[in-house]
Amino acid sequence: MDIDCADLTVFIAREGSDLVTDSRAVAIAFGKNHRDVLRTIARVLGSEHDEIAEHGRRNFAQSSYVNAQGKTQPMYRMTADGLSELAMGFSGDKARIVRIRFIAAFKSVAQRLADRERSITERLHDLSRREAPSEVKGRIGSLLMNERKREKPEFSAERAALEALSQPSLLN
């Protein structure tokens, strides 16, 4: 991998409220064998030290993927903290650069999602402000009720679109 042009944000996905990457992405980014990365994570999870094992349980989740031959293979999903702890064991300047870039990528994705969600939230508030007079019309006289009936489907469609944007699907 040419670390000078790598965009590590492509290796980061959202799972619920967490941003995660996976052991395959880590192996690719750091130029490691995936089985060695799996073995290292298994050692963390199986540690006799409670603090290490607990850190592993909070930051690594067993998962799987289908390889090119159509076989299901093991992998782990991990948080930024899991990645940071795991990657500390990788040495050399290349590993240090990839580690720095991975951490920056997590921050970048988190900021992009926050900006996007803030924008959607602002748009939902704006919609509510514009919709309020229409709702009042529906409570006041028959002429205004008809106007509300015409406006309501437009507001409902806009609200549904914004709410769909605020709940993006996870990347696989």
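Look above for the structure.
These figures come from a predicted structure and were not determined experimentally.

(A) Region of the structure containing the pairing of strand E3 (residues 60–66). Of the strand pairs in this sheet, E3 and strand E4 (residues 72–79) are connected by 7 bridges, and their pairing is antiparallel. When the bridges of E4 are listed, Gln-62 appears paired with Tyr-76. Once E3 ends, the chain turns through 5 residues before running back antiparallel as E4, passing Gly-70 with a positive phi of about 85 degrees.

(B) Geometry of the packing of aromatic side chains. Inspection of every chain in the model, using the stated rule, returns 4 aromatic pairs. Judged by centre distance (6.3 Å) and plane angle (35 degrees), the ring pair of Phe-11 and Phe-102 falls under tilted. Here Phe-11, found in the segment before strand E1 (13–15), pairs with Phe-102, found in helix H5 (residues 93–137); they are 91 residues apart in sequence, far enough to count as distant. On the numbers, 6.4 Å between centres and 35 degrees between planes, the contact of Phe-102 with Phe-106 is tilted. Of this pair, Phe-102 and Phe-106 are both found in helix H5, 4 residues apart, which corresponds to roughly one turn of the helix. Classification of Phe-106 by relative accessible area gives buried; the value is 6%. Grouped by ring-pair contacts, the aromatic residues Phe-11, Phe-30, Phe-90, Phe-102 and Phe-106 constitute a single cluster. When the ring centre of Tyr-65 is taken as origin, the NZ or CZ atom of Arg-24, which lies over that ring, is 4.0 Å away.

What counts and what doesn't
Residues numbered from 1 in each chain as written. Predicted model: local features only at pLDDT ≥ 70, side-chain atom pairs only at ≥ 80, totals over all residues. Heavy atoms only, no water. Pairing = 2+ DSSP bridges. Helix = DSSP H or I, 4+ residues; strand = E, 2+ residues; numbered from the N terminus. Phe/Tyr/Trp six-rings, centres within 6.5 Å; stacked < 30°, edge-to-face > 60°. Buried < 20%, exposed > 50% of the residue type's maximum accessible area, 1.4 Å probe, protein only. Lys NZ or Arg CZ within 6 Å of the ring centre and 35° of its normal.

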